[in-house]
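So the chains spell out like this:
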Amino acid sequence: MSNPSWKKDLLRPTQPFFVLRSTSFVQYSCRMRGISHFYTLEKEAGTVIPTVPDACIDFIYSFDEKGQCSACVAGSPLQAVNSLAPEAVSIFGVRFMPGTHPAGLAYSMRDVLATRVPLPSRYENPVLTNPNTSFEQKIQSFQDLYAAIPDPAPASKSRQALFVSVRDAIYETDGQIRMEEVAAKTGYSPRYIREIFLEEMGFSPKTFCMILRFQRSLEFLNYGYSEKSADWAVDLGYYDQAQCIRDFNHLLGMTPGKFRRLCEENHYRERAVYYRT
């Protein structure tokens, strides 16, 4: 059996290499209007950090050795890619929940898929762009700033409501739901649901399911694994271990076993500091 206490909450998307390739990493969980958590990390200049698929949008404020701030909107890649600010020595980030569009952001999730664009100035202020303000000050400043940004009315309420309904159904089951079930619950065909998802996110509900299973598997390998948990892949929604290995190779570029050893050898659990509200 696996550690029964490892899954304590709904999935909070993770970027494991932010921990493994940094010199320090702190994460503060906060559910506020679609935010998953805030994080800060320090690293050596020139270190390139891989980013893995998480179906999220991040706001990233990176600081170079001179204290200059560069801020961007980062969309989820569809495969692991070396992309996190090689020139930076410190980073403050805001990660939104999978499939969540940040309030006031003119770009769609599809616009920023697997790319980075400049962060609009409305999300910046002297606290967030100052390398000397603390993690706690940046969190409070962003919360105050973000709370003042209204949510625009969706262009099509019915289409937006359908997308949110499907996204939430997939998220709440960690990707362990069949599209036939979603279609039956919503009254729309799988083809129409796929069309709406592609329009909003740039990839299909099936891909969203794959990414969420992968994300939950990362969490499991770090915090729930035991040598006797032979059926863990099936428990997490994979058809079998072979499917899990294929997905890991596709999304991460390595097998689950290699990833687990990498985390153990680099003391992942000891290096990551987590707080939550």
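Just above, that's the structure.
Reference entry: report on the structure contained in this document. (Residues numbered from 1 in each chain as written. Predicted model: local features only at pLDDT ≥ 70, side-chain atom pairs only at ≥ 80, totals over all residues. Heavy atoms only, no water.)

This part covers the overall build of the protein. Across its full length, the protein carries ten helices and nine strands. On C-alpha atoms alone, the protein measures out to a radius of gyration of 19 Å, which is about the 19 Å that the 2.2 N^0.38 rule sets for 277 residues. Counting only C-alpha atoms, the protein reaches 50 × 50 × 30 Å along its principal axes. Relative to its full complement of 277 residues, the protein shows a buried share of 50%. (Helix = DSSP H or I, 4+ residues; strand = E, 2+ residues; numbered from the N terminus. Rg over C-alpha atoms; globule rule 2.2 N^0.38 Å. Buried < 20%, exposed > 50% of the residue type's maximum accessible area, 1.4 Å probe, protein only.)

Tracing the sequence through the fold places Y223 in helix α6 (residues 205-223). For the pair formed by Y223 and Y268, sequence separation is 45 residues and the distance between their alpha carbons is 10.0 Å.

This paragraph deals with the pattern of salt bridges. Think of it this way: side chains of opposite charge can pair up when their charged atoms draw near. Under the defined criterion, the tally for this structure stands at eleven salt bridges. In this structure, the salt-bridge partner of R216 is E219, at a minimum N-O distance of 2.4 Å. Placement of the pair is R216 and E219 together in helix α6, with a separation of three residues, close to one helical turn. Each member of the pair, R216 together with E219, is buried. Several salt bridges share partner residues, and in doing so they unite D54, D58 and R95 into one network. (Salt bridge = Lys/Arg side-chain N within 4 Å of Asp/Glu carboxyl O.)

Among the nonpolar cores identified, the biggest contains 50 residues, and F59, Y61 and F142 are the most heavily contacted of them. It is helix α3 (residues 157-172) that contributes the most residues to this core, six residues altogether. Sequence-distant contacts of F142, defined by excluding residues within four places in its chain, comprise I35, F38, F59, Y61, V94, F96 and L128. (Core = buried A, V, L, I, M, F, W, Y, C linked by side-chain atoms within 4.5 Å. Contact = heavy atoms within 4.5 Å.)

In space, the seven strands of this open sheet follow the order β8-β5-β4-β7-β2-β1-β9, with mixed pairing throughout. Since the sheet does not close on itself, it has two edges, and those belong to β8 (116-118) and β9 (272-276), each with one partner. Across this sheet, the average inter-strand angle for adjacent strands is 20 degrees, counted without regard to direction. When strand β4 (residues 57-63) meets strand β5 (residues 69-75), the two strands line up antiparallel, connected through seven bridges. The partner of D58 across the bridge, within β5, is A74. Packed on one face of the sheet, helix α2 (residues 135-147) meets β1 (24-32), β2 (35-42), β4 and β7 (90-96) and runs near 145 degrees to β2. (Pairing = 2+ DSSP bridges. Axes fitted to C-alpha atoms, helices over the stretch in contact; angles between N-to-C directions.)

Looking now at the side chain of T14. By the secondary structure assignment, T14 is in the segment before α1 (16-20). Not counting the four nearest positions on each side in its chain, T14 is found in contact with V52, R95, Q215, L218 and Y268.

Among the residues making up helix α9 (residues 256-265), those that are buried are P256, F259, R260 and C263. Viewed along the axis of α9, the buried residues span an arc of 100 degrees, placing them on a single side of the element. (Arc of directions from axis to C-beta.)

Now for unusual backbone geometry. Backbone geometry places D174, a non-glycine residue, at a positive phi of 55 degrees. Overall, D174 belongs to the buried group, its relative accessible area being 2%. Backbone geometry at H267 places phi at a positive 55 degrees, although glycine is not the residue there. By relative accessible area, which is 48% here, H267 ends up partly exposed.

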